[in-house]
Amino acid sequence: MCGIVGYTGKELALTPVLEGLRKLEYRGYDSAGIALATTTGHKLWIQKRAGKLGNLEEILGSTIPESHSGIGHTRWATHGGPTDLNAHPHLDNDGKLAVIHNGIIENYLELRLVLEKAGHTFKSETDSESVAHLLSDARKQRKGDLAAAMRDVCRQLRGSFTLLAIHSDDPGRIVGARRNSPLVVGIGDGENFLASDVSAFIAHTKRALELGQDEVADVTGESIVITDLTGKILPHNEFEISWDASAAERGGFEHFMLKEIFEQPKAIADTLLGRIQGLDEEVTKGINLAGIEKVVIVACGTAFHAGLVGKYAIEKWANIAVDVELASEYRYRDPSVDSNTLLIAISQSGETMDTLMAMRYAKERGARVFAVCNTNGSTIPRESDAVLYTRAGPEVAVASTKAFETQLVAMYLIGLHLGRIRGTMSQELIAEIEHELSELPAKVEQILETVEPLRELTRRFNSATSMLFLGRNVGFPTALEGALKLKELAYMHAEGFAGGELKHGPIALIEVGTPVVAIMPAANSLLAEKMASNIQEVKARGAVVIAIADIDLPAADYLVRIPKTHEFLQPVLSVVPLQIIAYEMAIVRGNDVDQPRNLAKSVTVE
Ligand code: AGP
């Protein structure tokens, strides 16, 4: 999704703006641009290019004018293709006002028609350019007050937006606004920053404040004024950033994804810390978990798969019905939800629009809303009654790995907590789960010792055009996750199936040589034998079987051994080899591992 950066202060603006854009690259983008308000010129200095930041840097040249304020943008195309003209910033017709935007302006077409009738000329196909023209007119009406103009314009916009604007006649000032998309202000000494998230400026300051819904920030190097859309001045919602700048760097690994895979033991341990014996009041104080009649989990992609695993654990341990819903589908079918529903929204970024909208839908109908999120202060936890923060740290690679592991852990912790307060778990079971949870970091560590042989094994399947993943019980969502990882990273056909469904259709896909990854249920599970039969069925049709199992399995062509654990906790272990398979397959195919094509880290549009 688009990344937004603004800098105003004592330094030359180009460096912090470009640095900030680099830090936001992980969000995914297809073009980039900057606008600087120069100390001498009457027009803005603007450069923008399709493609990666390197393309933009190539055209900057050596004659960059002196400027102490500027805005920068990485665009992930929605309205209009990824071209130079559609790249942000967008200018007004005087070339004096520039705007960058993240989100979607839903009423842009009607706005554009009115503006064109009034004599404005558009240069791009984007929804965002309308804002530059609207702001230009509004600023003139407001006699040069850009913040007042921004408030006027925001009232006319429908949809979601983070906006930053700058004007050449008032070069030290940047005005920002947000609705349904994030905007944070970094507070410096004689300088201030604005950005989509704190990673853009943590190298410069740890002090930040976040803008709430429909708020406007009027920022210079010396001042920050936050108002609502009526112009009422609001108090600063300041916080200290706990992330370390170096935590977001690659730390010697070839890719962020591999670094994040290796961070999983720590991420799991951190997420468990102080919570195994029960979720503390800090987590649960805003929510009444007594008397709930059903649980609904909403999430997207990998987070959805974590929710599916959570269903098995929560239903069994807390003896309550759990529905897991794709967030993008949920609110459009008018589902039944009331004040006895516990809605759990799972999101790494806390900004996924589909999840946010599903959550709002349920909240409006009285549901008690519990967020599981990795990003402090993001929109989903802010709008929830309670939040269990996963402590995975910044996840930069688009493909979710350590966030998934910690989402699984969060599901187990919630299941355990509900089981305890509902009195539905025996003391023996509670003790067993507590023990097994605490062993998970060391067991994941053990699997990570087999990364090199796993990478070598993956290379044997280099020429495969398709790979299938089979699982049963919690192994089924794990299979779905393995297939999703392979699709997004290796760009190859991959599908996950429940082993019992094979005979109802998917088995027709098996040809001689088709690689099938079989996620074996825990050896002591009732389903282990059934899965062994599924392996025989696909082998009989020529499949090559790679089994992920906690026992020896002579029927498999290749075996990846994982440690034993409680059957519901097994996905935490069995997903690790699947992540490595997808990672290596992407490398073999020359793909961009950390930023796969067409994908964005944070999906802030519906
Ligand atoms: C998985 O590798 C993806 N990056 C994607 O499916 C992701 O999990 C999904 O978009 C949800 O994101 P969120 O956790 O930030 O809400």
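Before any of the text, the structure's been laid out above.
Everything numeric in this text was worked out from a predicted model, so none of it was measured.

K.L.:
What should I look at first to understand the sheet that holds strand S3 (residues 45–50) in this one?
P.N.:
The strands making up a sheet associate through hydrogen bonds between their backbones, and the pairing can be parallel or antiparallel. If you walk across this open sheet you meet the eight strands as S3-S2-S4-S1-S10-S9-S11-S14, and the pairing is antiparallel. Each edge of the open sheet carries a strand with a single partner, namely S3 and strand S14 (238–240). Pairwise comparison of adjacent strand axes, ignoring direction, gives a mean angle of 20 degrees for this sheet. Taken together, the eight bridges between strand S2 (residues 31–38) and strand S4 (residues 67–75) define a ladder with antiparallel strand orientation. Across the sheet, residue Ser 31 finds its bridge partner in S4, namely Arg 75. The strands touched by helix H1 (residues 14–23) are strand S1 (3–9), S2, S4 and strand S10 (191–195); relative to S1, the strand with the most contacts, the crossing angle is about 160 degrees. Most of the contacts of helix H2 (residues 53–60) go to S3, to which it runs at about 140 degrees, and overall it touches S2 and S3.

K.L.:
Can you help me understand the layout of surface pockets in this one?
P.N.:
Empty pockets left among the atoms are what a rolling probe the size of a water molecule brings to light. In this structure, the second largest pocket spans a volume of roughly 570 Å³. Around the second largest pocket, the lining is made up of 26 residues, and of these Cys 300, Gly 301, Thr 302, Lys 601 and Val 603 lie nearest the centre. Mapped by element, the contributors of at least two residues to the lining of the second largest pocket are helix H9 (301–318), strand S17 (341–347), helix H11 (353–364) and helix H16 (475–490). Tallied by class, residues from the lining of the second largest pocket come to ten nonpolar, eleven polar and five charged.

K.L.:
Hey, could you run me through helix H4 (residues 129–141) in this one?
P.N.:
In an α-helix, one turn spans 3.6 residues, which is why side chains three or four residues apart end up on the same side. Taking 1.5 Å of rise per residue, 13 residues should cover 18 Å, and H4 covers 19 Å from first to last C-alpha, within 8% of that figure. Counting buried positions along H4 gives ten out of 13 residues, so the element sits mostly inside the fold. Considering only its buried residues, H4 is in contact with strand S5 (90–91), strand S6 (97–105), helix H3 (108–117), helix H5 (146–156) and strand S7 (159–167). Just past H4, the residue Lys 143 takes up positive phi, approximately 50 degrees.

K.L.:
Just to check I follow, could you spell out the site of the ligand for this structure?
P.N.:
Lining the immediate environment of the ligand, one finds 15 residues, of which Ser 347, Gln 348, Ser 349, Thr 352 and Glu 488 sit closest. The side chain of Ser 347 places a nitrogen or oxygen atom 2.6 Å from an oxygen atom of the ligand. Out of a free accessible area of 410 Å², the ligand has 90% covered by protein chains. The cavity that encloses the ligand is the second largest pocket. Breaking the shell around the ligand down by element, the ones donating at least two residues are H9 and H16. For the shell around the ligand, the residue count by class is five nonpolar, eight polar and two charged.

K.L.:
Hey, could you run me through the pattern of salt bridges in this one?
P.N.:
Side chains that carry opposite charge are capable of pairing whenever their charged atoms lie near each other. The tally for this structure, following the rule as stated, stands at 33 salt bridges. The residue Arg 420 makes a salt bridge to Glu 434 at a minimum N-O spacing of 2.3 Å. Placement of the pair is Arg 420 in helix H13 (residues 402–422) and Glu 434 in helix H14 (residues 427–448), with a sequence separation of 14 residues. Connected via shared salt-bridge partners are Glu 254, Glu 452, Arg 455, Arg 459 and Glu 584.

K.L.:
How should I be thinking about the nonpolar core in this particular structure?
P.N.:
Side chains of a nonpolar character, in soluble globular proteins, are inclined to be buried together. Counting residues in each nonpolar core, the largest one holds 116 residues, and the members touching the most others are Ile 314, Ile 344, Phe 370, Ile 414, Leu 437 and Leu 486. The dominant element in this core, judged by the number of residues it contributes, is helix H18 (residues 570–588), at eleven residues. One finds Leu 111, Val 131, Leu 157 and Ala 177 within the second-largest nonpolar core, a separate group that totals 26 residues.

K.L.:
Please explain the sheet that holds strand S8 (residues 174–179) as it appears in this structure.
P.N.:
Ordered in space as S5-S6-S7-S8-S12-S13, the six strands form an open sheet in which the pairing is antiparallel. Across the chains shown, the open sheet's two edge strands, defined by having one partner strand only, are S5 and strand S13 (224–228). Strand direction decides the pairing type here: strand S12 (residues 215–219) and S13, joined by five bridges, are antiparallel. Opposite Asp 218, over in S13, you have Val 225 as the bridge partner. Lying on the sheet, H4 is in contact with S5, S6 and S7; it crosses S6 at an angle near 130 degrees. Sheet strands touched by H5: S6, S7, S8, S12 and S13. Its angle to S8, the strand with the most contacts, is close to 20 degrees.

K.L.:
What am I meant to see in the packing of aromatic side chains here?
P.N.:
Geometrically, a pair of aromatic rings is defined through the distance of the ring centres and the angle of the planes. Under the criterion given, the structure shown has seven aromatic pairs. By way of ring pairs, the aromatic residues Tyr 7, Phe 193 and Phe 201 are connected into one cluster. Over the ring of Tyr 29 we find Lys 52; its NZ or CZ atom is 4.5 Å from the centre of that ring. In this structure, Arg 597 is placed above the aromatic ring of Tyr 491, and the distance from its NZ or CZ to the ring centre is 3.9 Å.

K.L.:
Would you mind showing me how to read H14 here?
P.N.:
For H14, with 22 residues, the first-to-last C-alpha span of 32 Å sits near the 32 Å given by 1.5 Å per residue. Of all the residues in H14, the buried ones are Ile 430, Ile 433, Glu 434, Glu 436, Leu 437, Leu 440, Pro 441, Lys 443, Val 444, Ile 447 and Leu 448. Structurally, H14 contributes buried residues whose contacts are with helix H6 (256–262), helix H7 (264–272), H9, H13, helix H15 (451–459) and H18.

K.L.:
How should the packing of H15 against H18 be read in this particular structure?
P.N.:
Between two packed helices, what matters for the description is the angle formed by their axes and the separation of those axes. Orientation of H15 relative to H18, taken along the N-to-C sense of each, is 55 degrees, at an axis distance of 9 Å. Classed by the angle they form, the pair H15 and H18 counts as oblique. In the crossing of H15 with H18, the sense of the turn from one axis to the other is right-handed. For the pair H15 and H18, contact is made by Val 451, Leu 454, Arg 455, Thr 458 and Arg 459 and by Pro 577, Ile 580, Ile 581, Tyr 583, Glu 584, Met 585, Ile 587 and Val 588, respectively.

K.L.:
I tried to follow unusual backbone geometry on my own but got confused; where do I start?
P.N.:
Negative phi values dominate among residues other than glycine, just as trans dominates among peptide bonds. With an omega of 0 degrees, the peptide bond between His 88 and Pro 89 qualifies as cis. Locating Pro 89 in the fold gives a position in the loop between S4 and S5. For Tyr 491, which is not glycine, the phi dihedral falls at a positive 55 degrees. In this fold, Tyr 491 is placed in the loop between H16 and strand S21 (493–498).

Each value, and the rule that gives it
- Residues numbered from 1 in each chain as written.
- Predicted model: local features only at pLDDT ≥ 70, side-chain atom pairs only at ≥ 80, totals over all residues.
- Heavy atoms only, no water.
- Pairing = 2+ DSSP bridges.
- Helix = DSSP H or I, 4+ residues; strand = E, 2+ residues; numbered from the N terminus.
- Axes fitted to C-alpha atoms, helices over the stretch in contact; angles between N-to-C directions.
- Contact = heavy atoms within 4.5 Å.
- 1 Å grid on protein atoms, 1.4 Å probe; cavity = no way out; pocket = protein on both sides within 12 Å on 5 of 7 lines; lining within 4 Å.
- Points joined across faces, edges and corners; volume = space filled by probe spheres on them.
- Nonpolar A, V, L, I, M, F, W, Y, C, P; charged D, E, K, R; others polar.
- Expected span 1.5 Å × (residues − 1).
- Buried < 20%, exposed > 50% of the residue type's maximum accessible area, 1.4 Å probe, protein only.
- Near = heavy atom within 4 Å.
- Polar contact = N/O pair within 3.5 Å; in protein donor to acceptor, adjacent residues only side chain to side chain.
- Areas by Shrake-Rupley, 256 points an atom, 1.4 Å probe, with all protein chains shown as cover.
- Sits in = over half its atoms within 2 Å of the grid points.
- Salt bridge = Lys/Arg side-chain N within 4 Å of Asp/Glu carboxyl O.
- Core = buried A, V, L, I, M, F, W, Y, C linked by side-chain atoms within 4.5 Å.
- Phe/Tyr/Trp six-rings, centres within 6.5 Å; stacked < 30°, edge-to-face > 60°.
- Lys NZ or Arg CZ within 6 Å of the ring centre and 35° of its normal.
- Parallel < 35°, antiparallel > 145°, perpendicular 65-115°, else oblique.
- Left-handed = near helix turned anticlockwise from the far one by under 90°.

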